[in-house]
Amino acid sequence: MKPNEIKEIPHVDEDGYFDGMVTCMADAKGSLMLGADCYDIAAPEDDGKHFYKLSADKNGWEAEAIPQTAEECVGIVLDHHKQTERIHKLRTVFDELTKNSATYRLVQDPETNARSIEKIPEKTVEEVRTEKKRALDSAFTSWYEDGATLKSSLGFEADSDSRAMQDVNGLVTVAEEQATFAADGLIFMDAKNVGHEVTLDQLKTLQLEIIASGNAAYHEKWKLRDAIEKAKTKEELGKIVIAFHPVDFSTK
């Protein structure tokens with residue numbers, strides 16, 4: 001090279017991976033003044049699918065495939081302190097490959113903060129059973145407190161959750177103290193907010209139906225819980241459907 005001539009040559013990061021080109025200048029004798037981690041060899045032909053690591057003899061490159069699956073990431077540890085292009089790329093890859101995965105998860109070492117990917121241990125029968133019980137309790141609470149309805153013998157669908165029970169109990173108590181109620185009746189709003197004129201006797205019928213509906217829900221809960229307790233395998237637990245349905249008093 002001629003003195004002061006400039007040449008673009010490959011640069012590698014602290015781990016020896018190609019991370020771009022840098023400019024070097026020839027000295028007065030025409031010798032290239034190489035900076036730290038710079039090598040006067042041909043740059044790798046980047047295809048966007050590989051990292052390129054400087055070979056042991058420093059005369060070429062070894063291609064290393066960028067992971068395409070979470071499984072391929074297992075065993076790769078990302079140092080929390082490193083800020084190289086390769087590490088940044090791998091952090092993004094780790095996040096994307098584990099974001100919606102049900103079989104692999106991203107973990108971080110509590111002491112070093114290093115990140116890696118591991119396969120999620122398969123749940124035991126008892127762990128699945130515990131989850132199923134929690135799901136049952138949640139479904140029952142949701143139904144009983146804010147979702148229960150029934151098909152009344154009065155000809156309409158009525159709310160039968162805990163709030164509805166309190167409301168109807170209150171209406172019955174008030175109605176029994178009003179002498180004019182038996183003659184005039186009142187308007188009761190059904191589950192679809194449609195008004196229905198009801199007598200005291202009809203209100204008491206609805207009161208009993210709500211109590212019976214609640215008892216039926218408790219009975220179904222304990223029936224499902226018993227099935228969960230008796231299940232011997234994860235497959236059996238998976239077949240148990242947790243659902244609560246309106247009791248139909250219209251045909252009784």
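Note that the structure is a prediction, hence the values are computed from the model and not measured. (Residues numbered from 1 in each chain as written. Predicted model: local features only at pLDDT ≥ 70, side-chain atom pairs only at ≥ 80, totals over all residues. Heavy atoms only, no water.)

Student: Sorry, what's going on with the nonpolar core here?
Tutor: Generally speaking, a soluble globular protein has its nonpolar side chains buried in company with each other. Ranked by internal contacts, the top residues of the largest apolar core, which has 15 residues, are Leu150, Ala158, Val168, Phe188, Leu206 and Ile210. Contributing elements (two or more residues each) for this core: helix 4 (162-176), strand 9 (186-189) and helix 6 (200-230). In terms of residue count, helix 4 provides more of this core than any other element does, four residues in total. Non-local contacts of Ile210, meaning those with residues more than four positions away in its chain, are made with Leu150, Asp159, Ser160, Ala164, Met165 and Val168. (Core = buried A, V, L, I, M, F, W, Y, C linked by side-chain atoms within 4.5 Å. Buried < 20%, exposed > 50% of the residue type's maximum accessible area, 1.4 Å probe, protein only. Helix = DSSP H or I, 4+ residues; strand = E, 2+ residues; numbered from the N terminus. Contact = heavy atoms within 4.5 Å.)

Student: Mind showing me how you'd approach a nonpolar patch on the surface here?
Tutor: On the surface, a nonpolar cluster with roughly 280 Å² of combined accessible area is contributed by Ile6, Met25 and Met33. Topologically, Met25 is positioned in strand 2 (residues 18-25). The exposure class assigned to Met25 is partly exposed, which follows from its relative accessible area of 35%. (Patch = residues over 30% accessible without salt bridge, like charges linked within 9 Å, V, L, I, M, F, W, Y side chains within 5 Å. Areas by Shrake-Rupley, 256 points an atom, 1.4 Å probe, with all protein chains shown as cover. Salt bridge = Lys/Arg side-chain N within 4 Å of Asp/Glu carboxyl O.)

Student: Mind showing me how you'd approach the sheet that holds strand 8 (residues 157-159) here?
Tutor: Hydrogen bonding along the main chain pairs the strands of a sheet, whether they run parallel or antiparallel. Taking strand neighbours across the sheet as the criterion, the three strands line up as 8-7-11 in an open arrangement whose pairing is mixed. Two strands lie at the open edges of the sheet, namely strand 8 and strand 11 (247-248), each paired on one side alone. Here two bridges tie strand 7 (residues 149-151) to strand 11, and the two strands are oriented parallel to one another. Looking at strand 11, one finds that Lys151 is bridged to Asp248. Running over the sheet, helix 6 touches strand 7, strand 8 and strand 11 and is turned about 120 degrees from strand 7. (Pairing = 2+ DSSP bridges. Axes fitted to C-alpha atoms, helices over the stretch in contact; angles between N-to-C directions.)

Student: I tried to follow the environment of Asp146 on my own but got confused; where do I start?
Tutor: Secondary-structure assignment places Asp146 in helix 3 (residues 125-146). Separated by 90 residues in sequence, Asp146 and Ala56 have C-alpha atoms that sit 68 Å apart. Those residues in contact with Asp146 that sit more than four places away from it in its chain are Thr141 and Asp161.

Student: Explain the pairing of strand 1 (residues 6-12) here, please?
Tutor: In the case of a regular strand, side chains alternate between the two sheet surfaces. Alignment of strand 1 against strand 2, held across seven bridges, turns out to be antiparallel. By the bridge assignment for strand 2, Val12 is matched with Phe18.

Student: Which parts of the structure should I look at to understand helix 3?
Tutor: An ideal rise of 1.5 Å per residue puts 32 Å on 22 residues; helix 3 measures up with 31 Å between its terminal C-alpha atoms. Along helix 3, the positions that sit buried rather than exposed are Val128, Arg129, Lys132, Lys133, Leu136, Phe140 and Trp143. An end-on view of helix 3 places all buried positions within 140 degrees of arc, on one side of the element. What points out from helix 3, more than 90 degrees from its buried face, is the exposed set Arg134 and Asp146. Packed against the buried residues of helix 3 are strand 7, helix 6 and helix 7 (234-238). (Expected span 1.5 Å × (residues − 1). Arc of directions from axis to C-beta.)

Student: Would you mind going over the state of the cysteines with me for this structure?
Tutor: Each disulfide consists of a covalent bond between the sulfur atoms of two cysteine residues. In total, this model carries zero disulfides according to the counting rule given. A disulfide-free cysteine, Cys38 has its sulfur positioned 4.5 Å from the sulfur of Cys24, the nearest such atom. (Disulfide = S-S within 2.5 Å.)

Student: How should I be thinking about the layout of surface pockets in this particular structure?
Tutor: Empty space among the atoms can be located by rolling a probe the size of a water molecule over them. Looking at the largest pocket, its volume works out to about 210 Å³. Its residues assigned to classes, the lining of the largest pocket shows five nonpolar, two polar and six charged. Quantified by volume, the second largest pocket comes out at close to 180 Å³. If you go around the second largest pocket, the residues you meet are Asp159, Asp161, Arg163, Ala164, Asp167, Val168, Leu171, Phe188, Met189, Asp190, Ala191 and Asn193. Those elements giving two or more residues to the lining of the second largest pocket turn out to be helix 4 and strand 9. Per-element accounting of the lining of the second largest pocket gives the leading share, five residues, to helix 4. A class-by-class count of the residues in the lining of the second largest pocket yields six nonpolar, one polar and five charged. (1 Å grid on protein atoms, 1.4 Å probe; cavity = no way out; pocket = protein on both sides within 12 Å on 5 of 7 lines; lining within 4 Å. Points joined across faces, edges and corners; volume = space filled by probe spheres on them. Nonpolar A, V, L, I, M, F, W, Y, C, P; charged D, E, K, R; others polar.)

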